[in-house]
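Residue-level listing of the chains:
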Amino acid sequence: MKKSVLTRYRTMAYVTGVLLVLLTLGMIGKYALDLSGADGFTKVVSIAHGWLYILYLVCAFDLGSKAKFPVGKQVWVLLAGTVPTAAFFVERKLTREVAPLVVRDGEPAPAGA
């Protein structure tokens, strides 16, 4: 598997995770703390998270299919972008697991990959 597949997934996992944490904080500010301006903030962040989550799904599915994840694991990776902070933990675990499958340009693929 090319390193770019893992890099795209990692980037989108962090972006999705940060936006989801910001959205959670915005919702707390909007509903629990009744902050002015939180309504506009949550609207912008929720739209951004929604669109970028679609890109996250594409990148996560690409990684999972190239790493030959079982269906249950693939579903968990896809859903990690919907649980605040889960994307960070799943990304860390997957990076350690998938790193041995990454090949550099010009190198042969590892046996069994």
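Counting from 1, residues in each chain are numbered in the order their sequence is written. Local features in this predicted model are restricted to residues whose pLDDT is 70 or higher, and side-chain atom pairs enter the listing and the counts only when it is 80 or higher, whereas totals over whole chains, interfaces and linings include all residues. Each side-chain value is worked out from all heavy atoms of the structure, with water and hydrogens disregarded.

Looking at the packing of aromatic side chains
Short version of the rule: Only Phe, Tyr and Trp rings are paired, with Trp represented by its six-membered ring, and only when their centres lie within 6.5 Å; those with planes under 30 degrees apart are stacked, over 60 edge-to-face, the remainder tilted. Here a strand is any run of E in DSSP of at least two residues, a helix any run of H or I of at least four, and the numbering for each starts at the N terminus. Throughout this description, buried means an accessible area under 20% of the type-specific maximum (1.4 Å probe, protein chains only), exposed means over 50%, and partly exposed covers the range between.
On inspection of all chains with the given rule, the structure shows three aromatic pairs. For the ring pair Tyr14 and Phe88, a centre distance of 5.8 Å and an interplane angle of 40 degrees mean the geometry is tilted. Separated by 74 residues along the polypeptide, Tyr14 in helix H1 (residues 3-32) and Phe88 in helix H4 (residues 86-98) bring together distant segments of the chain. Judged by relative accessible area, which is 25%, Phe88 ranks as partly exposed. Geometrically, the ring pair formed by Tyr53 and Tyr56 is stacked, given 5.8 Å between the ring centres and 20 degrees between the ring planes. One end of the pair, Tyr53, and the other, Tyr56, are both in helix H2 (residues 38-66), three residues apart, so they sit about a helical turn from each other. Joined through ring pairs, the aromatic side chains of Tyr9, Tyr53 and Tyr56 make up one cluster.

Examining the side chain of Thr42
As a reminder of what qualifies: Residue contacts are counted whenever heavy atoms from the two residues lie within 4.5 Å of one another.
By the secondary structure assignment, Thr42 is in helix H2. Contacts of Thr42, omitting those with residues within four sequence positions, involve Leu23, Gly26, Met27 and Lys30.

Thoughts on the nonpolar core
As a reminder, the rule being used: To define a nonpolar core, start from buried Ala, Val, Leu, Ile, Met, Phe, Trp, Tyr and Cys residues and group those joined through side-chain atoms within 4.5 Å.
With 20 residues, the main nonpolar core has Tyr9, Tyr56, Leu63, Phe69, Val77 and Leu94 as its most contacted residues. Among all residues touching Tyr56, those that are not within four sequence positions of it are Tyr9, Met12, Ala13, Thr16, Val77, Leu78, Ala80 and Gly81.

Things to note about unusual backbone geometry
In the Ramachandran plot, Lys68 falls in the positive-phi region, its phi being about 60 degrees despite a non-glycine side chain. You can see Lys68 is positioned in the loop between H2 and helix H3 (71-79). For Thr85, which is not a glycine, the phi torsion comes out positive at approximately 70 degrees. Its place among the elements puts Thr85 in the loop between H3 and H4.

Observations concerning a nonpolar patch on the surface
Rules: Patch rule: a residue counts if its relative accessible area is over 30% and it has no salt bridge; like charges are joined within 9 Å, and nonpolar side chains (Val, Leu, Ile, Met, Phe, Trp, Tyr) within 5 Å. To be clear on the numbers: accessible area is Shrake-Rupley with a 1.4 Å probe, and residue cover counts the displayed protein chains and nothing else. A pair is scored as a salt bridge if a Lys or Arg side-chain nitrogen falls within 4 Å of a carboxyl oxygen belonging to Asp or Glu.
Taken together, Val18, Leu22, Leu25, Ile28, Leu33, Leu35 and Phe41 make up a surface patch of nonpolar side chains, about 620 Å² in accessible area. Inspection of the secondary structure assignment puts Val18 in helix H1. According to the relative accessible area criterion, Val18 is partly exposed, its value standing at 42%.

Describing the pattern of salt bridges
Two side chains of opposite charge can pair, provided their charged atoms sit close to one another. Considering all chains together, one arrives at six salt bridges under this definition. Its salt-bridge partner being Arg10, residue Glu91 comes within 2.4 Å of it at the nearest N-O pair. With Glu91 in helix H4 and Arg10 in helix H1, this pair connects stretches of sequence that are 81 residues apart. Take Arg10: its relative accessible area is 27%, and that puts it in the partly exposed class. One salt bridge in this structure joins Asp39 and Lys30, with 2.9 Å as the shortest N-O distance. Residue class for Lys30 comes out partly exposed when judged on its relative accessible area of 22%.

What is shown is where atoms sit, not what they do.
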